[in-house]
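Summary of the model geometry
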Amino acid sequence: MTAPYSPTQPQQIASAAEQFVRALARLFPGGTFDQFFHAETVRRACWIALQLAIERYAALDATSRSNGLGKGALLAQPRVADELLRLFLPGVQPDYAAVAEEWARLLHRAGAERADLETQARALFSLIAEAMRRSPDLRLVLRQIGQQRDGAPEVGSADLDRLLEAALAEGPGALHRQVRHLLALAVERSDPAAQAGLDAAHLLALAPIAAELDADELRWAWETIGRLDDAAARAHLTARFAPHMARTGEKTDPLTLVRQRLDDASPPVPPAVRVDALLDLLPHLGASEP
């Protein structure tokens, strides 16, 4: 029979899932974890896997009645979440002695009583790894971190296909990620000669959902627009993104932003392109974001 949980055990498992997802996200540079994965889906899948592993451990281990109350709290420790994550990384293993030390601290055990906790930590981590690898919602992200190079996970074309399929299945609410996955696939599959147009394609795809972008994404878009070689695309995109730049802390009004960029362009923007850009901006002039 499974050992009874503490009243706080579900909250501890939820906290442990949160810590694991945070540790996972730190492996993806520049906030790219949220670009490719739905954090709440991953967090929920972690919660389920952790709960299953703890329940299975409790059913298998005669000592679970005395130590079971420490498992949720143990896994909720950031240091332990980092060690657990190492199970899925290439060429490294968890420091089980460090995990046992943390567990002993939570259980208020003296040094002489800690020897069995390292063995228990190994068994618990093994069950968690098995449960996580069986989870359809975790399988892809764990595969990505298992393919790390130079400290950052790589997302290949086949995996991007699966991510795109998952985002499409979520419907209109996942439009932002759908666009990102399509663009990432374009980069993955393009030949070097086509790279020059990818930034413009990326920006054109993001322009209709500019209102949903965060401040860092808007800053990236604005800086990238300024580097485009195509004068018409640069002017058109400037007008599309200018009404949203207030969310980055920009104090200049959208019309002035557009005029400044058009005036500073080198070579000069053709008059017809300038007019088109101002016409693109016109619908937004009374309704730009505060």
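What comes next concerns the included structure. The structure displayed is predicted, hence computed values, not measured ones. Sequence order as written defines residue numbering, which begins from 1 separately in each chain. pLDDT decides what is reported in this predicted model: residues at 70 or higher carry local features, side-chain atom pairs at 80 or more are listed and counted, and totals for whole chains, interfaces and linings draw on all residues regardless. Side-chain numbers here rest on the full set of heavy atoms in the structure, without hydrogens or water.

1. Some details on the overall build of the protein
Condition: We count a stretch as a helix when DSSP gives it H or I for four or more residues in a row; a strand needs E for two or more, and each element gets its number in order from the N terminus. Note on exposure labels: buried denotes an accessible area under 20% of the residue type's maximum, exposed denotes more than 50%, and partly exposed covers the range between, all computed with a 1.4 Å probe on protein chains only. Residue contacts follow a heavy-atom distance rule, with two residues in contact if any of their heavy atoms lie within 4.5 Å. Every accessible area reported is derived by Shrake-Rupley at a probe size of 1.4 Å, with residue values counting cover from the shown protein chains alone.
Helix and strand counts for the protein stand at 15 helices and zero strands. Of all 290 residues assigned to the protein, the portion counted as buried reaches 45%. In the protein, once contacts between residues fewer than 6 apart in sequence are set aside, the share between residues at least 24 apart is 66%. Element-wise, carbon and sulfur atoms account for 54% of the exposed surface of the protein, whose accessible area totals about 14,900 Å².

2. Examining helix H15 (residues 271-281)
Just so we agree on the cut-off: This arc corresponds to the set of directions leading from the helix axis out to the C-beta atoms.
Within the span of H15, buried status applies to Val-273, Ala-277 and Leu-281. Buried residues of H15, viewed axially, fall in a sector of 80 degrees; they line one side. Within H15, the exposed residues directed more than 90 degrees away from the buried face are Pro-271, Ala-272 and Leu-279.

3. Here's the deal with the packing of helix H7 (residues 115-134) against helix H8 (residues 136-145)
Packed helices, taken two at a time, are described by the angle between their axes plus the distance between the axes. What counts is decided by this rule: Note on method: axes are straight lines fitted to C-alpha atoms, helices fitted across the in-contact stretch only, with angles between N-to-C directions ranging 0 to 180 degrees. In what follows, roughly perpendicular refers to angles from 65 to 115 degrees, roughly parallel to angles under 35, roughly antiparallel to angles over 145, and oblique to any angle outside these ranges. Here the term charged refers only to Asp, Glu, Lys and Arg, the term nonpolar to Ala, Val, Leu, Ile, Met, Phe, Trp, Tyr, Cys and Pro, and the term polar to all other amino acids, Gly among them.
Here H7 crosses H8 at 100 degrees, and the two axes come no closer than 6 Å. It follows that H7 is roughly perpendicular to H8 by the angle criterion. Seen from H7, the contacting residues are Met-132, Arg-133 and Arg-134; seen from H8, they are Pro-136, Leu-138, Arg-139 and Leu-142. Grouping the constituent residues of the contact of H7 with H8 by class yields four nonpolar, no polar and three charged.

4. So, the nonpolar core
Note the threshold: Buried residues of nine kinds, namely Ala, Val, Leu, Ile, Met, Phe, Trp, Tyr and Cys, make up a nonpolar core once their side-chain atoms join them within 4.5 Å.
Among the nonpolar cores identified, the biggest contains 49 residues, and Phe-33, Leu-50, Leu-75, Met-132, Leu-138 and Ile-145 are the most heavily contacted of them. Elements with a contribution of two residues or more to this core: helix H1 (9-26), helix H2 (32-36), helix H3 (39-60), helix H4 (64-75), helix H5 (78-85), helix H6 (96-107), H7 and H8. Look past the residues within four positions of Leu-138 in its chain and what remains in contact with it is Val-42, Ala-45, Cys-46, Ala-49 and Met-132. Counting 26 residues, the second largest nonpolar core, distinct from the first, contains Leu-203, Phe-241, Val-273 and Ala-277.

5. Examining the packing of aromatic side chains
Defined as follows: Side-chain rings of Phe, Tyr and Trp (the six-membered ring for Trp) are treated as a pair once their centres are within 6.5 Å; stacked means planes under 30 degrees apart, edge-to-face means over 60, and tilted covers the remaining angles. Ring-over charges, as used throughout, are those where CZ of Arg or NZ of Lys falls within 6 Å of the ring centre and within 35 degrees of the ring normal.
Inspection of the entire model under this criterion finds two aromatic pairs. Relative to Phe-88, the ring of Phe-20 has its centre 6.2 Å away and its plane inclined at 80 degrees; by these criteria the two rings are edge-to-face. Here Phe-20 is found in helix H1, whereas its partner Phe-88 is found in the loop between H5 and H6, with 68 residues between them in sequence. Residue Phe-20 is classed as buried on the basis of its relative accessible area of 1%. Exposure remark for Phe-88: the relative accessible area of 6% places this residue in the buried category. The ring of Trp-222 has Arg-261 lying over it, and the distance from NZ or CZ to the ring centre is 4.2 Å.

6. So, the pattern of salt bridges
For side chains of opposite charge, pairing can occur when their charged atoms come near one another. The condition is simple: One speaks of a salt bridge when a side-chain nitrogen belonging to Lys or Arg is within 4 Å of a carboxyl oxygen belonging to Asp or Glu.
In this structure the tally under the stated criterion is 11 salt bridges. With a closest N to O distance of 3.7 Å, Arg-122 and Glu-118 form a salt bridge. On the criterion of helical spacing, the pair formed by Arg-122 and Glu-118 is a turn pair, its members being four residues apart in helix H7. Where salt bridges share partners, they join Glu-18, Arg-22, Glu-40 and Arg-43 into one cluster.

7. Details of the environment of Pro-10
Secondary-structure assignment places Pro-10 in helix H1. We classify Pro-10 as partly exposed; its relative accessible area is 37%. C-alpha separation for the pair Pro-10 and Gly-72, spaced 62 residues apart in sequence, amounts to 7.9 Å.

8. Examining helix H12 (residues 215-226)
Filter applied, for reference: Expected span, for any helix, means 1.5 Å times one less than how many residues it has. Residues adjacent in sequence count toward polar contacts only when both atoms are side-chain atoms; beyond that, a polar contact is any pair of N or O atoms within 3.5 Å, and within protein one must be able to donate a hydrogen and the other to accept it.
Between its first and last C-alpha atoms H12 spans 17 Å; for 12 residues at 1.5 Å apiece the expected length is 16 Å, and the two agree. Along H12, the residues classified as buried are Glu-217, Leu-218, Ala-221, Trp-222, Thr-224 and Ile-225. The buried residues of H12 occupy one face: seen down the axis, they fall within an arc of 170 degrees. Facing away from the buried side of H12 by more than 90 degrees, the exposed set consists of Asp-216 and Glu-223. The backbone nitrogen of Asp-216 lies 3.2 Å from a side-chain oxygen of the residue at the head of H12, namely Asp-214.

9. Observations concerning a nonpolar patch on the surface
To keep it simple, the criterion reads: Put simply, a patch holds well-exposed residues, over 30% relative accessible area, that have no salt bridge, with like charges counted together within 9 Å and Val, Leu, Ile, Met, Phe, Trp or Tyr side chains within 5 Å.
A grouping of Val-275, Leu-279, Leu-282 and Leu-285 is seen on the molecular surface, where their side chains present a nonpolar patch of about 360 Å² in accessible area. Checked against the element boundaries, Val-275 lands in helix H15.

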